[in-house]
Protein chains: 2
Amino acid sequence: MKIGLTPRLRRSPFYAATLRHGVKAFTVYNHMLLPLWYESPEADYLKLITDVTVWDVAAQRQVEIQGPDARDLVQYLTTRNVDKCAIGQARYTLVCNAEGGVLNDPVMLRLADDHFWLSLADNDIGLWAQAVAFERDLDVAVREPDVSPLQVQGPKSHELMTAAFGDMVRDIGYYRFVEADVEGVPLVISRTGWSGEVGYEVWLRDGSKGDWLWERLFAAGEPFGVAPAAPSQIRRIEGGLLSYGTDMDPTVNPHELNLAWLVDLDENDFIGKAALLQIQEEGPKRSLTGVRIEGDPIDSNAEHWDVSRDGHVVGVLTSCVYSPTLGANLGYVLVERAAAAAGTELVVATPDGERTAVTQPLPFVETKK
Amino acid sequence: MKIGLTPRLRRSPFYAATLRHGVKAFTVYNHMLLPLWYESPEADYLKLITDVTVWDVAAQRQVEIQGPDARDLVQYLTTRNVDKCAIGQARYTLVCNAEGGVLNDPVMLRLADDHFWLSLADNDIGLWAQAVAFERDLDVAVREPDVSPLQVQGPKSHELMTAAFGDMVRDIGYYRFVEADVEGVPLVISRTGWSGEVGYEVWLRDGSKGDWLWERLFAAGEPFGVAPAAPSQIRRIEGGLLSYGTDMDPTVNPHELNLAWLVDLDENDFIGKAALLQIQEEGPKRSLTGVRIEGDPIDSNAEHWDVSRDGHVVGVLTSCVYSPTLGANLGYVLVERAAAAAGTELVVATPDGERTAVTQPLPFVETKK
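K.L.:
Please clarify how empty space enclosed by the protein should be interpreted in this entry.
P.N.:
Leftover empty space is mapped by rolling, across the atoms, a probe with the size of a water molecule. The final tally for this structure, using the stated rule, is five cavities of 30 Å³ or more. Considered as a void within the structure, the largest cavity measures approximately 100 Å³ in volume. Elements with a minimum of two residues in the lining of the largest cavity: β2 (25–29) of chain A together with β2 (25–29) of chain B. In the lining of the largest cavity, the residues fall into four nonpolar, five polar and five charged.

In structure tokens form, the structure reads like this:
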């Protein structure tokens, strides 16, 4: 199916480069065109797990929160203890509503005591942050800065990054970052990513330099077999990574997602805390878990599919894909808690008929750090 | 270019019907797939201005605001005087931020004293509304209801609607609506739309009945030459209708858009009022106006294009299209105020070279009511 192009669908600074490199499909993410695959989803995946790949993920927009009250606002908006995040550190966190429903699952970067980025999943959580800041009369700026990340992911990502940026890459710890100026172009370089493979992100802070950065990475990566790629449904499902809008939305809470480790119920106060305390006491009603689906390879699901146990619908399958590495159909189901116990036999209603599926804990493949 | 389909891109209740009827391209709007054209943009336009067309605009999602404090919240969020909107009336309005920038340009429907829908342009303004309601501790529910509009637009829309729903359609005034139960399916029927032609919207309040409603309209419309279509870039630009994300965003204020008539600066208080009072006093710095662009037909613009006057960039072209009816390239420019005076000669930097353009007031074609 075609996608129509209008100015409402924003173009990333790497858009021209992705066209030159043969992008074949897009989705829309945070009002921006996000490349999906080049050769094919399977071929791109093989490059990702074998060599090294560069992804245009500029659509992963930032909410920048800066000013004297920035720390207080970020703490109030997110579920983890902000004071445990050092300058130069990144942390996966959650934004919840008053009922404890998940509004976004950003990666937070702390650039200074009073300067944060929330690197976003697909919605306008900046509007939520701006409204809270305005209503609380906080001394803080909440804006979308000119910051566009590329991901460099795969087993040879360290070699590529060292070739591109030299020694400064060597000392960046997992979920840590450095600010850098390279040939006058301001960058942030982090040991983060959304692949489950070893990887980096390069955050371009000057949208006019997209071609420069893209081609610098490809020049540096040529000896390592670099290829253009995009967020891989195959690898992220193997790795148990969740996708906002697909695997979670405001009707789902962190406990149902097994993300309670992202909720710090200690001294800090944040939106949703009271609801999450109660959910913790009562226990979640549903649980998200992995499934292996029997039978021939399934391409992927474009919608949620009903999941049954003993003839009764107990929830939905949110994501699935065929893993060439594991030789199996892998997926996630969000089901009644009892149906999520490891080894439970479920029935998934695919558009092509019913399939047996057996639950197992996530991830299917451990994340490489 | 292809679009990849995942559950994150929601499907409308009319999705299956649009596929059956031959939809050829989609965009993404409010996280939902929105059909763009069937035969071709030009052929669909000719059906729209000649006969009658049915559009799946379920992606025009609603923020439902209901409860004892609903009136106060809607007034605080929007720029027009809510008390001048009767029950059963719809009004085009604006949501602004504290700086007076436009966050959304919804159509508001008042279903009861304490019950409103804001029918949205493309962003998650529900998050803004929920944060304000939460922070102000208002006694109100803010949610996305199961409400999916279809537009029935074109000179024969009245005949189609009367054939489909009978006499109740006859008395619906312009920008008025009725609630109806048809064969047990709850609907709202309004004399509204986004075409510039005479038209209606049918708001389906039961997402499981999409096929039923679509086929009922096509059965009723068969004698009138009904065709599937979608929001028409050609007709909306002829009619001077603005598209959020293309012609405006939070950096633009209502005065720059010549939408000051949507701002009631009387006794009511709302977010952005103080800033808009100041802008009104000082006068806007820029202005959006129409242009005719000389030369061969231009397909449309997928990005903003720079606009110059006497060799200096004075702004951007936000939208343009070739109008078969007027035999001219029509567009909008957002430029320094002096450059917007009618009859000003400008130069538009298209990807295929410079074109001369001459400003003229909007609309190019009067809206039919």
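Continuing now.
K.L.:
When you look at helix α8 (residues 273–282) of chain A in this model, what are you seeing that I'm missing?
P.N.:
Think of an α-helix as 3.6 residues a turn; residues three or four steps apart then line up on the same face. All names here are of chain A. Every buried residue belonging to α8 is among K273, A275, L276 and I279, and all of these are buried. Considered in projection along α8, the buried side chains sweep an arc of 160° and stay on one side of the axis. Pointing more than 90 degrees away from the buried face of α8 are the exposed residues A274, E281 and E282. Along its buried surface, α8 packs onto β7 (95–96). Phi turns positive, to about 85°, at G283, one or two residues after α8.

K.L.:
Got a minute to help me understand the interface of chain A and chain B in this structure?
P.N.:
As a measure of interface size, the accessible area lost when the parts come together is often cited. Taken together, the 45 residues of chain A in the interface contact 45 residues of chain B. Between chain A and chain B the total buried area reaches about 4,000 Å² when both faces are included, carbon and sulfur atoms providing 63% of it. In terms of surface lost to chain B, no three residues of chain A exceed M1, P7 and R8 of chain A, which account for 20% of the buried area on that side. Inspection of the chain A/chain B interface yields six salt bridges. Note that E135 of chain B is salt-bridged to R136 of chain A, the shortest N-O span being 2.8 Å. Applying the counting criterion to the chain A and chain B interface returns 23 residue pairs in polar contact (both at pLDDT 80 or more). Mapped by element, the contributors of at least two residues to the side of chain A that touches chain B are β1 (2–3), β2, β3 (32–37) and α4 (125–135) of chain A. In terms of residue count, α4 of chain A provides more of the side of chain A that touches chain B than any other element does, eight residues in total. Taken together, the residues that form the side of chain A that touches chain B break down as 25 nonpolar, eleven polar and nine charged. Two strands pair when backbone bridges link them, and β2 of chain A and strand β1 (residues 2–3) of chain B are joined in this way by two bridges, in the parallel orientation. Across the sheet, A25 of chain A pairs through a bridge with K2 of chain B, a residue of β1 of chain B.

K.L.:
I tried to follow the packing of aromatic side chains on my own but got confused; where do I start?
P.N.:
Residues and elements named next belong to chain B. Tallied over the full model, the rule gives ten aromatic pairs over all chains. Here the basic side chain of R136 rests over the ring of Y76, its NZ or CZ set 3.8 Å away from the ring centre. For the cation-ring pair, R191 lies above Y200, with the distance from its terminal atom to the ring centre recorded as 6.0 Å.

K.L.:
Got a minute to help me understand the side chain of N268 of chain B in this structure?
P.N.:
All names here are of chain B. For N268, the location among the structural elements is in the loop between α7 (233–238) and α8 (273–282). For N268, a relative accessible area of 7% gives the class buried. A distance of 3.5 Å separates a polar atom in the side chain of N268 from the backbone oxygen of D264. Each residue touching N268, except ones within four places of it in the same chain, is listed here: Q75, T79, R80, N81 and K273.

K.L.:
Please explain the confidence of the model for chain A as it appears in this structure.
P.N.:
Parts of the model with low pLDDT should not have their predicted coordinates read in detail. Residues of chain A with pLDDT of at least 70 account for 100%, and the chain-wide mean is 97. Per the prediction output, this complex has pTM 0.97; the corresponding ipTM is 0.96.

K.L.:
What should I look at first to understand the relation of the copies chain A and chain B in this one?
P.N.:
The two chain copies are related to each other by a rotation about an axis together with a translation along it. Screw-axis analysis of chain A against chain B gives a translation of 0.0 Å along the axis, an RMSD of 0.0 Å, and a rotation angle of 180°. Expressed as an axis order, the relation between the two copies is that of a two-fold axis. Take the interface residues of chain A: 100% of them recur as interface residues in chain B, which is what a same-surface contact looks like.

K.L.:
Would you take a moment to explain the packing of helix α3 (residues 70–77) of chain A against α4 of chain A for this structure?
P.N.:
The packing of two helices is summarised by the inter-axis angle and the distance between the axes. Residue and element names in this part refer to chain A. Following both chains from N to C, one finds α3 and α4 inclined at 120°, their axes separated by 11 Å at the closest point. In terms of orientation, α3 and α4 fall into the oblique class. In this structure, the crossing between α3 and α4 has a hand that is right-handed. The segment α3 lies against α4, with L73, Y76 and L77 engaging W128, A129, V132 and A133. Of the residues that constitute the contact of α3 with α4, the class distribution is seven nonpolar, no polar and no charged.

K.L.:
Got a minute to help me understand the sheet that holds strand β17 (residues 286–293) of chain A in this structure?
P.N.:
The pairing of strands in a sheet comes from backbone hydrogen bonds and takes either a parallel or an antiparallel form. All names here are of chain A. Read around the closed barrel, six strands run β17-β20-β19-β18-β21-β22, paired in antiparallel fashion. Averaged over all pairs of adjacent strands, the angle between their axes in this sheet comes to 40°, without regard to strand direction. Inspection of the sheet shows β17 paired to strand β20 (residues 328–336) by eight bridges, in the antiparallel sense. Within β20, the position partnered with G290 by the bridge is Y332.

K.L.:
Help me understand the environment of T79 of chain A in this model?
P.N.:
Residues and elements named next belong to chain A. Mapped onto the elements, T79 comes out in the loop between α3 and β6 (90–92). On a C-alpha basis, the gap between T79 and V95 in space is 6.5 Å, while along the polypeptide they are 16 residues apart. When near neighbours in sequence (up to four residues on either side) are disregarded, T79 contacts T93, L94, C96, L262, V263, D264, N268, F270 and L276. Engagement of the side chain of T79 in a polar contact is seen with the backbone oxygen of L262, the distance being 2.6 Å.

Parameters at a glance
Residues numbered from 1 in each chain as written. Chains lettered and ligands numbered in written order. Predicted model: local features only at pLDDT ≥ 70, side-chain atom pairs only at ≥ 80, totals over all residues. Heavy atoms only, no water. 1 Å grid on protein atoms, 1.4 Å probe; cavity = no way out; pocket = protein on both sides within 12 Å on 5 of 7 lines; lining within 4 Å. Points joined across faces, edges and corners; volume = space filled by probe spheres on them. Helix = DSSP H or I, 4+ residues; strand = E, 2+ residues; numbered from the N terminus. Nonpolar A, V, L, I, M, F, W, Y, C, P; charged D, E, K, R; others polar. Buried < 20%, exposed > 50% of the residue type's maximum accessible area, 1.4 Å probe, protein only. Arc of directions from axis to C-beta. Contact = heavy atoms within 4.5 Å. Buried area = accessible area lost by both parts, 1.4 Å probe. Salt bridge = Lys/Arg side-chain N within 4 Å of Asp/Glu carboxyl O. Polar contact = N/O pair within 3.5 Å; in protein donor to acceptor, adjacent residues only side chain to side chain. Pairing = 2+ DSSP bridges. Phe/Tyr/Trp six-rings, centres within 6.5 Å; stacked < 30°, edge-to-face > 60°. Lys NZ or Arg CZ within 6 Å of the ring centre and 35° of its normal. pLDDT = per-residue confidence, 0-100. Least-squares fit on C-alpha atoms with pLDDT ≥ 70 in both. Axes fitted to C-alpha atoms, helices over the stretch in contact; angles between N-to-C directions. Parallel < 35°, antiparallel > 145°, perpendicular 65-115°, else oblique. Left-handed = near helix turned anticlockwise from the far one by under 90°.

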